[in-house]
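Now for the letters of each chain:
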Amino acid sequence: MAATLHNHIQDYIAHLAIERYLSPRTLESYARDLRQFGHWAEMLHLGAAAIERRHIRDYLGRRRETGLSPRSAARALSSIRGFFRFLVATEAVAADPTADLRSPSLWQTVPHTLGGAEIEALLAAPDTSTTLGLRDRAMFETLYATGLRVSELVGLTTDRVRLDPGFVRVVGKGRKERLVPIGLAAIEWIERYNEGGRALLDRDRRPELFLNHRGGKLTRQGFWKILRRHARQAGIKTHLSPHVLRHSFATHLVENGADLRAVQMMLGHSSLTTTEIYTHVARERLRNLYDEKHPRA
């Protein structure tokens, strides 16, 4: 990690040991949390003074998506909060980015999403002059247009895709079926893939719409690798998984005024409570926009 941030962390741990008399076990817990945070900040080329609240929320959200428990996430936030209070007290930074963070009960469940520019960059990343590039563009457009789970996407069969009038019939969790509308952009790319790519891949007359390079069924892991490769090409540095596109689909709908019940039906959620998380995401993005743009934020 950057030397300055690394030194700040070392100074803070020494402060806890000398001034606060914390036990070796507690010190190691703080040090472990802050080392992980510091390595993440290094990947984004962030020094201590450049770290903002949105960075911390993004970091904690990513940790939660990779399986960090609510209790461990709350502890990590506590470590980071104490660290920045120390930096403000020692005048190493001017402001504490954790000062206005809301309680863990909210950010523990807030999913990470992509912004509009990142979505556009990802969609444009595949080389559509190639067969596999056409397939990849069609897959990404479909996923962002419908919010399907990755298992639903790779299991989508040609007979369940109705480009006119523009719906896909999805078999979701518990073998429950639902109809999901699909937009014109996704329809266009599926048509281009069907006309210019899929026939070259489909050697065995497979039912699945999206096929791997050998003409077989695309796996979830295979799609994840494809997505990760194109994300690097698009310059997306934040954590990206198929579920992030599903989250982005739902969040962008809610931000633009979509009815929560309609979003629930499209996502295939059994409970509206699960869908309500996207109102939290929209509020947080609004807050970040306010902080960035208002002169007295």
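Residues numbered from 1 in each chain as written. Predicted model: local features only at pLDDT ≥ 70, side-chain atom pairs only at ≥ 80, totals over all residues. Heavy atoms only, no water.

Draft legend 1. Fine view of the environment of Arg-169. Tracing the backbone through its elements, the reader meets Arg-169 in strand E2 (residues 167-171). Note on Arg-169: relative accessible area 29%, which makes it partly exposed. Considering only alpha carbons, one finds Arg-169 and Leu-179, 10 residues apart in sequence, at a separation of 4.7 Å. When neighbours within four sequence positions are excluded, Arg-169 is seen to be in contact with Leu-156, Asp-159, Arg-160, Glu-177, Arg-178 and Leu-179. (Helix = DSSP H or I, 4+ residues; strand = E, 2+ residues; numbered from the N terminus. Buried < 20%, exposed > 50% of the residue type's maximum accessible area, 1.4 Å probe, protein only. Contact = heavy atoms within 4.5 Å.)

Draft legend 2. Local environment of the packing of aromatic side chains. Evaluation of the coordinates by the stated rule reveals 10 aromatic pairs. Between Phe-37 and Phe-84 the ring centres are 6.4 Å apart and the planes differ by 80°, which places this aromatic pair in the edge-to-face class. Separated by 47 residues along the polypeptide, Phe-37 in helix H2 (residues 24-43) and Phe-84 in helix H4 (residues 70-89) bring together distant segments of the chain. Taken as a pair, Phe-37 and Phe-84 share a single burial class, namely buried. Between Tyr-193 and Phe-210, the ring centres sit 5.5 Å apart and the planes meet at 25°, which makes this aromatic pair stacked. Taken together, the residues Tyr-193 in helix H9 (residues 184-201) and Phe-210 in the loop between H9 and helix H10 (220-233) connect sequence positions 17 residues apart. (Phe/Tyr/Trp six-rings, centres within 6.5 Å; stacked < 30°, edge-to-face > 60°.)

Draft legend 3. View of the pairing of strand E3 (residues 177-181). Of the two faces of E3, only the one carrying Arg-178 and Val-180 is buried; Glu-177, Leu-179 and Pro-181 on the other face are not. Pairing analysis gives 5 bridges linking E2 to E3, with the strands arranged antiparallel. Across the sheet, Val-171 pairs through a bridge with Glu-177, a residue of E3. The hairpin formed by E2 and E3 contains 5 residues between the paired strands, and Gly-174 there has a positive phi angle of roughly 70°. (Pairing = 2+ DSSP bridges.)

Draft legend 4. Broad picture of the environment of Leu-153. Among the structural elements, Leu-153 can be located in helix H8 (residues 150-154). Of the residues examined, Leu-153 reaches a relative accessible area of 1% and is grouped as buried. For the pair Leu-153 and Phe-223, spaced 70 residues apart in sequence, the C-alpha to C-alpha distance is 9.4 Å. In contact with Leu-153, other than residues within four places in its own chain, are Met-139, Thr-142, Leu-143, Leu-148, Phe-210 and Phe-223.

Draft legend 5. Here's a closer look at the sheet that holds E3. Taken together, the 3 strands give an open sheet; going across it, the order is E1-E2-E3, and neighbouring strands pair in antiparallel fashion. The open sheet has two edge strands, strand E1 (161-162) and E3, and neither has a second partner.

Draft legend 6. Layout of the packing of helix H7 (residues 131-146) against H10. For the pair H7 and H10, interaxial distance at closest approach is 11 Å and the crossing angle is 95°. Judged by the inter-axis angle, H7 sits roughly perpendicular to H10. Where H7 abuts H10, its residues Arg-135, Asp-136, Met-139, Phe-140 and Leu-143 lie against Phe-223, Ile-226, Leu-227, Arg-229 and His-230. Looking at the contact of H7 with H10 residue by residue, the classes come out as 6 nonpolar, 1 polar and 3 charged. (Axes fitted to C-alpha atoms, helices over the stretch in contact; angles between N-to-C directions. Parallel < 35°, antiparallel > 145°, perpendicular 65-115°, else oblique. Nonpolar A, V, L, I, M, F, W, Y, C, P; charged D, E, K, R; others polar.)

Draft legend 7. Structural context of the packing of helix H6 (residues 116-124) against H7. The N-to-C vectors of H6 and H7 enclose an angle of 150°; their axes lie 9 Å apart at closest approach. What the angle tells us is that H6 and H7 run roughly antiparallel. Residues Ile-119, Leu-122, Leu-123 and Ala-124 of H6 lie in contact with H7, whose contacting residues are Arg-137, Phe-140, Glu-141 and Tyr-144. Split by residue class, the contact of H6 with H7 holds 6 nonpolar, no polar and 2 charged.

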